[in-house]
Amino acid sequence: MVQQIEDGPTQLYIDRLYAHEVTSPQAFDTLRDKGIGVFRPDHVVAMPDHNTPSDQQERIDDPIGRKQVETLKRNCEEFGIRHFAMGTKDNGIIHVVGPEKALSLPGMTIVCGDSHTSTHGAVGAIAMGIGTSEVAQVLASQCILQSKPKTMRINIEGELQPGVTAKDVALYIMAQMTTSGATGYAVEYAGSAIRNMSMEGRLTLSNLSIEMGSRAGLIAPDDTTFAYLKGREYAPKGEAWDKAVAQWRKLKSDPDAVFDKEVTYRAEDIAPRITYGTNPGAGIAVDEAIPTLDQIDETERPQFLSQLDYMQFRPGQRLEGTPVDYVFLGACTNGRIEDFRAFASVVKGKKKADGVVAWLVPGSWLVRQQIIDEGIDKTLEAAGFELRLPSCSACLAMNPDKVPAGKLAISTSNRNFVGRQGPGARTILASPLTVAASAITGVVTDPRKI
């Protein structure tokens with residue numbers, strides 16, 4: 001905190017600003033209009049990801065997307081900002097690259113003009129999405145004006161069952177909390193299931209915090225965090241590392257800490273999940289049926305029926321066995337090496353279903369290289385899949401990977417809004433295991449049954 005404005009927000013110092021090509025151009029224009037420079041360019045890291053194609057990266061055919069990517073490059077050159085260009089080994093989805101390069105570290109305040117900035121909270125940082133005008137504030141002053149949120153702790157206690165992943169945990173929490181259940185709160189995830197979760201799993205969980213209304217979702221740093229970060233490109237080295245870890249170990253809630261709200265769920269109650277509607281909270285266990293009308297509050301029935309109408313589903317329908325047209329593995333939610341290992345573990349020795357279009361898109365060039373180094377690409381190829389190039393890809397319809405109108409995709413991404421994956425496209429959100437099982441059978445499939 002730089003200062004507390006009387007009867008107003010806090011002036012909050014920002015340790016890391018990430019910038020991508022969609023929400024930064026207007027912010028840089030603001031600086032030019034005011035005749036000021038970037039206050040701390042060494043605290044800013046930029047890269048294109050939303051418009052980046054996943055089939056080739058020699059060119060961008062869409063004129064708007066191409067202009068955004070070119071403008072980001074030009075702005076970074078003009079203002080002296082580190083820029084990881086499309087097609088280079090440092091590039092990828094900003095929320096995958098940041099943690100894997102240790103540009104995101106425990107105790108940092110991190111912002112980006114992107115709602116899934118909450119991802120970085122998994123390393124023990126306060127990370128949140130901001131608007132374009134706030135991006136300009138940070139570029140100019142390395143600060144933003146921010147009202148302090150209320151606090152919530154979500155505990156997941158117990159042991160996750162076979163076939164259940166961090167993605168299923170997040171989808172379960174959203175179904176319980178609803179998509180606005182954490183609005184106005186910063187969330188801390190805790191409990192034995194979280195402590196036993198891998199770093200990749202934690203990044204998935206924090207990524208989806210915004211989908212229940214929370215701008216920030218953090219996890220206390222521990223030995224899992226430190227093992228993940230140690231030796232990475234921008235992590236402290238030698239004596240500086242030891243000193244940093246000693247400080248980071250203090251970044252946890254006190255045993256007697258009181259939260260504005262606290263909820264606890266049992267890990268054993270969580271099964272592999274899928275969504276049936278057009279928000280991430282409209283979900284069920286993969287072997288359950290969509291709720292019937294009498295299970296829905298009368299005031300919510302019009303919206304419930306509207307969602308089902310768009311998805312071409314009906315109340316009480318079981319989705320297990322429903323044919324799928326597209327499968328997507330990737331996004332800042334599930335585009336990491338662990339996600340590709342999980343997918344490959346299901347498809348190994350099997351074949352992709354005929355008629356299913358599959359987009360398997362790593363979250364970064366580093367992830368793609370790991371896939372190749374571990375021979376996962378050969379497993380995928382033998383099963384009839386193609387490994388594509390790093391991109392946000394089919395998470396959102398801003399690049400060539402668009403799902404056609406009326407087609408049904410089962411996807412590891414984070415949003416199933418109307419038209420999110422393409423105009424008229426229908427999206428079921430699921431984990432890498434569930435998506436892999438469905439890719440093999442050609443229908444929505446419970447990964448525990450394959």
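You'll find the structure just up there.
Calculation rules
- Residues numbered from 1 in each chain as written.
- Predicted model: local features only at pLDDT ≥ 70, side-chain atom pairs only at ≥ 80, totals over all residues.
- Heavy atoms only, no water.
- Helix = DSSP H or I, 4+ residues; strand = E, 2+ residues; numbered from the N terminus.
- Rg over C-alpha atoms; globule rule 2.2 N^0.38 Å.
- Buried < 20%, exposed > 50% of the residue type's maximum accessible area, 1.4 Å probe, protein only.
- Areas by Shrake-Rupley, 256 points an atom, 1.4 Å probe, with all protein chains shown as cover.
- Lys, Arg positive; Asp, Glu negative; His and termini not counted.
- Charge placed at Lys NZ, Arg CZ, Asp CG, Glu CD.
- Phe/Tyr/Trp six-rings, centres within 6.5 Å; stacked < 30°, edge-to-face > 60°.
- Pairing = 2+ DSSP bridges.
- Axes fitted to C-alpha atoms, helices over the stretch in contact; angles between N-to-C directions.
- Left-handed = near helix turned anticlockwise from the far one by under 90°.
- Contact = heavy atoms within 4.5 Å.
- Nonpolar A, V, L, I, M, F, W, Y, C, P; charged D, E, K, R; others polar.
- Polar contact = N/O pair within 3.5 Å; in protein donor to acceptor, adjacent residues only side chain to side chain.
- Salt bridge = Lys/Arg side-chain N within 4 Å of Asp/Glu carboxyl O.

Quick notes on the overall build of the chain
For the chain, the count of helices and strands is 15 helices and 18 strands. Against the compact-globule benchmark of 22 Å for 450 residues, the chain has a radius of gyration of 21 Å, which places it among compact chains. If one aligns the C-alpha atoms of the chain with their principal axes, the spans along those axes are about 55 × 55 × 45 Å. Looking at the chain residue by residue over its 450 residues, the buried ones come to 59%. When the accessible surface of the chain is split by element, carbon and sulfur atoms take 50% of a total near 18,100 Å². Taken together, the 48 basic and 55 acidic charged side chains of the chain have centroids lying 2 Å from each other.

Some thoughts on the packing of aromatic side chains
Aromatic ring pairs are reported here in terms of the distance separating the ring centres and the angle at which the planes meet. What the rule picks out here adds up to seven aromatic pairs. An angle of 85° between the planes, with centres 5.5 Å apart, marks the rings of Trp241 and Trp248 as edge-to-face. A single burial state applies to Trp241 and to Trp248, both of which are buried. Taking 5.1 Å as the distance between ring centres and 55° as the angle between the ring planes, the aromatic pair formed by Tyr326 and Trp359 counts as tilted. Highlighted residues: Tyr326 in strand E15 (residues 326-329) and Trp359 in strand E16 (residues 357-360), separated in sequence by 33 residues.

Thoughts on the pairing of strand E2 (residues 10-13)
As paired strands, strand E1 (residues 3-4) and E2 are joined by two bridges and run antiparallel to one another. The partner of Gln4 across the bridge, within E2, is Thr10. Connecting E1 to the next strand, E2, in antiparallel fashion are five residues, including Asp7 with a positive phi near 55°.

Some words on the packing of helix H1 (residues 25-34) against helix H2 (residues 63-79)
The description of two packed helices rests on the angle between their axes and on the distance between the axes. Where H1 contacts H2, the two axes come as close as 10 Å, and the packing angle between them is 35°. Like other packed secondary-structure pairs, H1 and H2 cross with a definite hand, here left-handed. Taking contact as the criterion, the partners of Pro25, Phe28, Leu31 and Arg32 in H1 are, on H2, Thr71, Asn75, Glu78 and Phe79. Grouping the amino acids of the contact of H1 with H2 by side-chain chemistry returns four nonpolar, two polar and two charged.

Notes on the environment of Ser104
Inspection of the secondary structure assignment puts Ser104 in the loop between helix H3 (94-100) and strand E6 (109-112). Taking relative accessible area as the criterion, Ser104 reaches 0% and is therefore assigned buried. When the C-alpha positions of Ser104 and Ala125 are compared, they lie 7.6 Å apart, and in sequence the two are 21 residues distant. A polar side-chain atom of Ser104 sits 2.7 Å from a polar atom in the side chain of His120.

A few points about the pattern of salt bridges
This model, assessed by the stated rule, comprises 19 salt bridges. Residue Asp269 is joined to Arg266 by a salt bridge in which the shortest nitrogen-to-oxygen separation is 2.6 Å. On the accessibility criterion, Asp269 (41% relative accessible area) is partly exposed. Each of Lys89, Asp90, Lys101 and Glu233 takes part in a single network of salt bridges with overlapping partners.

A word on the sheet that holds strand E4 (residues 44-46)
An order of E5-E4-E3-E6-E7 is seen for the five strands of this open sheet, with the pairing classed as parallel. Both edges of this open sheet fall to strand E5 (82-83) and strand E7 (126-129), since each of them pairs with a single strand only. Where E4 lies against E5, two bridges are found, and the strand directions are parallel. Counted as the bridge partner of Ala46 is His83 from E5.

Some points on the sheet that holds strand E10 (residues 185-190)
What the four strands build is an open sheet, ordered E11-E10-E9-E12; its pairing is parallel. Every interior strand has two partners, whereas the edge strands, strand E11 (216-219) and strand E12 (261-266), have only one. When strand polarity is set aside, the average angle formed by the axes of neighbouring strands in this sheet is 20°. Bridge count for strand E9 (residues 150-157) against E10 is six bridges, and the pairing is parallel. Considered in E10, the bridge of Asn155 is made with Ala190.

As for unusual backbone geometry
Notably, Gln312 is not glycine yet its phi reads approximately 65°, a positive angle. Along the chain, the position of Gln312 falls in the loop between helix H10 (301-311) and E15. If you check the backbone angles, Ala331 has positive phi at about 80° while not being a glycine. When you line up the elements, Ala331 lands in helix H11 (residues 331-334).

Regarding the side chain of His116
Positionally, His116 belongs in the loop between E6 and E7. Classification of His116 by relative accessible area gives buried; the value is 3%. Here Glu211 takes part through its side chain, which lies 2.5 Å from a polar atom of the side chain of His116.

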